[in-house]
Amino acid sequence: MENSVSGFSKFTKAEKIDWLISNHFQNNPKAKANLERYWNSDDSLQKLHDEFTENTISNFYLPFGIAPNFLINGKMYVIPMAIEESSVVAAASNAAKFWMERGGFTAEVLSTTKVGQVHFMYHGEYSELETIFNTIKPQLFEQTKSITKNMQKRGGGILDIKLVNKTSKLSGYYQLHVTFETKDAMGANFINSCLEQIATTFKASSDTIQVVMSILSNYVPECLVRAEVRCKVDELDTEAYSGQEFADTFIQAVRIAEIEPYRAVTHNKGIMNGVDSVVLATGNDFRAVEAGVHAYAARSGSYSSLTHASIENGVFKFWIELPLALGTIGGLTGLHPMVKTALELLGHPSAKKLMTIVAVAGLAQNFAALKSLTTTGIQQGHMKMHLLNILNQFEANANEKLQLIEHFKTHTVTHSAVVDAIENLRA
Ligand code: HMG
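These numbers were taken from a predicted model, which means no experiment stands behind them.

1. Observations regarding the overall build of the protein
- Looking only at helices and strands, one finds 15 helices and 10 strands in the protein.
- Dimensions of the protein along its principal axes, counting C-alpha atoms only, are 85 × 70 × 40 Å.
- When each of the 427 residues of the protein is scored for burial, the buried share is 45%.
- Contacts spanning at least 24 positions in sequence make up 70% of the contacts within the protein whose residues lie at least 6 apart.

2. Structural notes on the side chain of His 267
- Structurally, the position occupied by His 267 is in helix H9 (residues 261–281).
- Ignoring anything within four residues of it in the chain, the contact list for His 267 reads Val 254, Ala 257, Ser 305, Thr 307, Asn 366 and Leu 370.

3. Let's talk about the domain arrangement of the protein
- Partitioning the protein into domains gives domain 1 (8–50), domain 2 (64–109 + 224–376), domain 3 (114–216) and domain 4 (381–426).
- On a C-alpha basis, the centroid separation for the pair domain 2 and domain 3 is 35 Å.
- Taken together, the contacts link 8 residues of domain 2 with 6 residues of domain 3.
- Between domain 2 and domain 3, roughly 550 Å² of surface is buried when both sides are summed, and carbon and sulfur atoms account for 65% of that area.
- Sorting the residues of domain 2 by area buried against domain 3 places Ala 325, Ile 329 and Ala 351 first, and these three jointly supply 59% of that buried surface.
- Counting across the domain 2 and domain 3 interface gives 0 salt bridges.
- Along the contact surface separating domain 2 from domain 3 lie 3 residue pairs in polar contact (both at pLDDT 80 or more).

4. As for the packing of helix H13 (residues 378–393) against helix H14 (residues 398–407)
- The contact between H13 and H14 brings their axes to 11 Å, and the two run at 140°. For the pair H13 and H14, the sense of crossing is right-handed. Note on element contacts: H14 touches H13 through Lys 401, Leu 404 and Ile 405, opposite Leu 387, Leu 388, Leu 391 and Asn 392.

5. Things to note about helix H4 (residues 88–100)
- Under the 1.5 Å per step criterion, the end-to-end length of H4 is 18 Å for 13 residues, consistent within 8% with the ideal 18 Å.
- Restricting attention to buried positions, one finds in H4 the residues Val 88, Ala 91, Ala 92, Ser 93, Ala 95, Ala 96, Phe 98 and Trp 99.
- Taken together, the buried residues of H4 touch strand S1 (64–72), strand S2 (75–82), strand S8 (224–232), H9, strand S10 (315–323) and helix H12 (351–374).

6. A few points about the site of the ligand
- Around the ligand sit 23 residues, and of these Ser 87, Lys 97, Arg 263, Lys 269 and Lys 384 come closest.
- A distance of 2.7 Å separates an oxygen atom of the ligand from a polar side-chain atom of Lys 97.
- Within the contact set of the ligand, an oxygen atom lies 2.8 Å away from a side-chain nitrogen or oxygen of Arg 263.
- When the free accessible area of the ligand is taken as 1,100 Å², the share hidden by the protein chains comes to 65%.
- The residues that make up the shell around the ligand include at least three from each of domain 2 (64–109 + 224–376) and domain 4 (381–426).

7. A word on the side chain of Ser 214
- Tracing the backbone shows Ser 214 in strand S7 (residues 210–217).
- When near neighbours in sequence (up to four residues on either side) are disregarded, Ser 214 contacts Gln 117, Val 118, Leu 195, Glu 196 and Ala 199.

8. Observations regarding the packing of aromatic side chains
- One pass over the structure, following the stated rule, counts 20 aromatic pairs.
- Between the aromatic rings of Phe 98 and Trp 99, the centroid separation amounts to 5.3 Å while the plane-to-plane angle is 70°, which identifies the pairing as edge-to-face. Taken individually, Phe 98 and Trp 99 each receive the classification buried, so the pair is uniform in this respect.
- Seen in terms of ring centroids, Tyr 126 and Tyr 174 are 5.8 Å apart; in terms of plane orientation they differ by 10°. Their pairing is stacked. Taken together, the residues span a long stretch of sequence, with Tyr 126 in helix H5 (residues 126–142) and Tyr 174 in strand S6 (residues 173–181) at a distance of 48 residues.
- By relative accessible area, which is 28% here, Tyr 126 ends up partly exposed.
- Residue Tyr 174 is classed as buried on the basis of its relative accessible area of 4%.

9. Re the pattern of salt bridges
- Counted according to the given criterion, the structure contains 15 salt bridges.
- Here Asp 160 makes a salt bridge to Lys 137, at a shortest N to O gap of 3.3 Å. With Asp 160 in strand S5 (residues 157–165) and Lys 137 in helix H5, the pair connects residues that are 23 residues apart, well separated along the chain.
- Its relative accessible area of 23% is what places Lys 137 among the partly exposed residues.
- For Arg 426, the salt bridge identified is with Glu 400, shortest N-O distance 2.9 Å. Taken together, the residues Arg 426 in helix H15 (residues 415–426) and Glu 400 in helix H14 connect sequence positions 26 residues apart.

10. Quick word on the sheet that holds S8
- Strand order across the open sheet formed by 4 strands is S3-S8-S10-S9, with antiparallel pairing between neighbours. Of all the strands in the sheet, the pair left with one neighbour each is strand S3 (106–109) and strand S9 (307–312). In this sheet, adjacent strand axes meet at a mean angle of 20° when their direction is disregarded.
- The pairing of S8 with S10 spans 9 bridges and is classified as antiparallel. Opposite Glu 228, over in S10, you have Trp 319 as the bridge partner.
- Strands S3, S8, S9 and S10 of the sheet are contacted by H12, whose axis makes an angle of about 125° with S10.

11. Concerning the sheet that holds S6
- Strand order in the open sheet formed by 4 strands is S5-S6-S4-S7, and the pairing between neighbours is antiparallel. Of all the strands in the sheet, just S5 and S7 have a single pairing partner and so form its edges. When strand polarity is set aside, the average angle formed by the axes of neighbouring strands in this sheet is 20°.
- In terms of strand pairing, S5 meets S6 through 8 bridges, oriented antiparallel. By the bridge assignment, Ile 161 is partnered in S6 with Val 178.
- Its contacts with the sheet put H5 on strand S4 (114–121), S5 and S6, and the angle it makes with S5 is roughly 170°.
- Along the sheet, helix H7 (residues 188–204) contacts S4, S5, S6 and S7; its crossing angle with S7, the most-contacted strand, is approximately 160°.

What counts as what
Residues numbered from 1 in each chain as written. Predicted model: local features only at pLDDT ≥ 70, side-chain atom pairs only at ≥ 80, totals over all residues. Heavy atoms only, no water. Helix = DSSP H or I, 4+ residues; strand = E, 2+ residues; numbered from the N terminus. Buried < 20%, exposed > 50% of the residue type's maximum accessible area, 1.4 Å probe, protein only. Contact = heavy atoms within 4.5 Å. Domains from an automatic or database assignment. Buried area = accessible area lost by both parts, 1.4 Å probe. Salt bridge = Lys/Arg side-chain N within 4 Å of Asp/Glu carboxyl O. Polar contact = N/O pair within 3.5 Å; in protein donor to acceptor, adjacent residues only side chain to side chain. Axes fitted to C-alpha atoms, helices over the stretch in contact; angles between N-to-C directions. Left-handed = near helix turned anticlockwise from the far one by under 90°. Expected span 1.5 Å × (residues − 1). Near = heavy atom within 4 Å. Areas by Shrake-Rupley, 256 points an atom, 1.4 Å probe, with all protein chains shown as cover. Phe/Tyr/Trp six-rings, centres within 6.5 Å; stacked < 30°, edge-to-face > 60°. Pairing = 2+ DSSP bridges.

Quick look at the structure:
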């Protein structure tokens, strides 16, 4: 095939770049220079990044921002956020400051169980399969001991192994549904190693069992954290509206996201602005978190809001429940220098502590977004933060930026208003 390449993975980094530039960038030296411009001048740091993944030819930066003033369970935090979208860090900081003045956030981990499954096919009598499983079950634990012994020392390991009959959904399909406690590790490698050993032992117990695959599940509805804010309704009073008006409209906005999937997806996207940015900054797997969170949001059969709100006895309450499988040891956490900085900033949290911080970031983000949406509208604050992006797009110099930022303190930011203002200034 035209432009196909064989043995690419074995090329050196320089050879990979040369191949790419000559085959896909018409040998444009600017394309090569752009890739090289993003290399780190510290060779050992660059090598570390090169080796995080495969076929690395350059780096792709994300801003590393911080949101101060997070009061969580009585302790102050500065939350690290890796995100490219404007207004997310500002929104988190804004909500943190707002709630710091009203008692802060409370958060608790409700459960920490993770799940993995051995998926297999069996076409004999179910009672015989049960007998095979019950006979072999002690050996399933026994033969994973070399893998689980360190985790057990830390108080974790395999919690249980259950045989699950799924034949009503798919002919001949069964599972070994295995539950795990992985303490401060996210546990993916540990879980998968245990599962593969369990599958090997189980398969060897009968030639009627056909193992299809063994893999952890990123759906973790029993690895759950809850975060909440609350205050008296009149503490929400402003000059523009009463606390009661604000809370009533805010609760309506949450109710809409509870019952309307089109709105719920955007509502939850705003929550994930906060969640993902902290998950990324702390070296965790945001794809796993995203997949698990959205499955949880749809657990009733209809996709719904992850946050909820109420007024009870004059007290406004706003809370979130999130399934989060996070680690503060293993993976990138001990390797990536910025991840280490992020974890140090958070006081070297346990995985449970990190779950509470991430849930709070999600709740704060949703609060800021809904507060804007139900009062000023989202564009006012968002575009105020986006102004610099538009100015950079038009290559405004430092002096132009200063003047235009000043100008837009008293004018509404829209893309065309910024373009007009730049043109006027330059004329
Ligand atoms: P504001 O009230 O105009 O801000 O809010 P301010 O200038 O009066 O400053 C008040 C505080 O806000 C500051 O306190 C900061 O905490 C924070 P201070 O530091 O001065 O003591 N703040 C900032 N922090 C860092 N950098 C800044 C900055 N500016 C203010 N430059 C704000 C402005 C944007 C914060 C507010 O309008 C807001 O929270 N808007 C919501 C923005 C948002 O949600 N953005 C997410 C992207 S939109 C999206 O993807 C999700 C969405 O679709 C989800 C949904 O539909 O539900 C909206």
